[in-house]
Amino acid sequence: MALSAVVAWLIALTFFTQQSFIAPYAAVFMVASTVYRSVESALQQTVTLILGGTLAYVAITTIGQPVAALAIAVFVGALIGRWHRFGDSGVAVTALLMLTYGTAHESDFLLVRVGESLVGAAVGLAVNILILPPVQLRGLERAVVDLARDTRRLLEDIADGLNDSWDRDDAGEWSRRARTLDQAIRRAEMAMSHGHESTRLNPWQQSCRRMSPAAYEPAVDDLRETTGELKRMTSSLSHSSENAVEADFAAEVATMLRALARAMACYQTQTGSLRQNEIRHVLESLPRPRKRLAAQLTRGQFRTAMTANVEGAILLALDRIVHVLAKQR
């Protein structure tokens, strides 16, 4: 922003007037976190400044009285600014500055201000494009790691609880933690969107092809579906009691949950094919406990209908998580 403001001001001082403020004003607003957003902002701010200047000129030449012209121009500018494409009240502010500066009635001066707006927008846009605009991946990587860590910890805690003396309060806490993972999912999705935006129109994106936002999409998808199944599993447990799950069944579930926790750890430390290989090894350890769980259900080893429903829901959730982790390997 500082560089854009200085360069735009020096150009304006050279080619326009000694009192230029529109050029650096426009240049500062061009600088954004991504090239795409900068281009969008350049178009928005250029149109906003031109509209504001034109509105001030029309108001003062039509009404004549400066105070009334100022009131009308700011009011109309604020109405125009309510359209989301213009953002906030830039039209009204530009009209206010032009009128209070005392030269809004001069058509030549209006053209100068338009020229300054274009210069400022061009300088700000050029600086944002040429001064190493980053591909925003750090926030995305951090969001994926945090989500995988929280999911892993929840899986481990459920496994420990099922092997110990758990109750409905414990299950309720697991369910609450599973629901709060939705916030981490949203953060990861927002980081993903921002990462994709940072590659649009970015001349430096080719140097980052091996590490692009698309490389994180499978991880975000896997974690989103896994947390969804965790919510269903923990909800079933929280609406039952510890007696609704057979001890042997709970022990086998705990074994699978610990294996799945190891798979979540891979999302924290590995990427690409290396992570896929690690997860594949984890999945290879699951068929035997899964077979024992299915055998217990089919043999009818349950005391009540609630036990059948809860254990069936748990097994279904586990199967879906395994399917999610296995589908891309």
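Above: the structure in question.
Residues numbered from 1 in each chain as written. Predicted model: local features only at pLDDT ≥ 70, side-chain atom pairs only at ≥ 80, totals over all residues. Heavy atoms only, no water.

Student: Break down the overall build of the protein for me, citing the residues and quoting the values.
Tutor: Across its full length, the protein carries 13 helices and zero strands. By the burial criterion, 43% of the 329 residues in the protein qualify as buried. For the protein, the share of sequence-separated contacts (at least 6 apart) that also reach a separation of at least 24 residues comes to 80%. Surface summary for the protein: the accessible area is close to 16,700 Å², and the carbon and sulfur share equals 58%. (Helix = DSSP H or I, 4+ residues; strand = E, 2+ residues; numbered from the N terminus. Buried < 20%, exposed > 50% of the residue type's maximum accessible area, 1.4 Å probe, protein only. Contact = heavy atoms within 4.5 Å. Areas by Shrake-Rupley, 256 points an atom, 1.4 Å probe, with all protein chains shown as cover.)

Student: An account of the environment of R186 is needed here, citing residue identities and associated values.
Tutor: If you trace the backbone, R186 turns up in helix 8 (residues 168-199). The exposure class of R186 is partly exposed, given its relative accessible area of 46%. Along the primary structure R186 and R224 are separated by 38 residues, whereas in three dimensions their C-alpha atoms are 9.4 Å apart.

Student: I'd like a description of helix 8, backed by residues and values.
Tutor: Over its 32 residues, helix 8 extends 47 Å from the first C-alpha to the last, a length consistent with the 46 Å expected when each residue adds 1.5 Å. The opening residue of helix 8, the one whose side-chain oxygen lies 3.1 Å from the backbone nitrogen of D169, is D167. (Expected span 1.5 Å × (residues − 1). Polar contact = N/O pair within 3.5 Å; in protein donor to acceptor, adjacent residues only side chain to side chain.)

Student: Can you lay out the pattern of salt bridges for me, pointing to particular residues and giving the numbers?
Tutor: Using the criterion set out here, one finds 14 salt bridges in the structure. Put simply, R177 and D157 hold a salt bridge, and the shortest N to O gap is 2.7 Å. Pair noted here: R177 is in helix 8 and D157 is in helix 7 (residues 138-163), with a separation of 20 residues, a long-range link. Accessibility expressed as a relative area gives 22% for R177, which makes it partly exposed. R224 serves as the salt-bridge partner of D221, at 2.9 Å between the closest nitrogen and oxygen. Here D221 pairs with R224, and both are found in helix 9 (residues 217-238), just three residues apart, close to one helical turn. Among the charged side chains, a salt-bridge network with shared partners connects R142, D146, R149 and D150. (Salt bridge = Lys/Arg side-chain N within 4 Å of Asp/Glu carboxyl O.)

Student: With reference to specific residues and values, describe the packing of helix 3 (residues 35-63) against helix 5 (residues 90-101).
Tutor: One can describe the packing of helix 3 onto helix 5 by two numbers: an axis separation of 7 Å at closest approach and a directional angle of 50°. Classified by the angle between their axes, helix 3 and helix 5 sit oblique to one another. Crossing of helix 3 over helix 5 shows right-handed handedness. Every residue of helix 5 that contacts helix 3 at T48, L49, L51, G52, G53, L55, A56 and I60 is listed here: G90, V91, T94, A95, M98 and L99. Here the contact of helix 3 with helix 5 is composed, by residue class, of nine nonpolar, five polar and no charged. (Axes fitted to C-alpha atoms, helices over the stretch in contact; angles between N-to-C directions. Parallel < 35°, antiparallel > 145°, perpendicular 65-115°, else oblique. Left-handed = near helix turned anticlockwise from the far one by under 90°. Nonpolar A, V, L, I, M, F, W, Y, C, P; charged D, E, K, R; others polar.)

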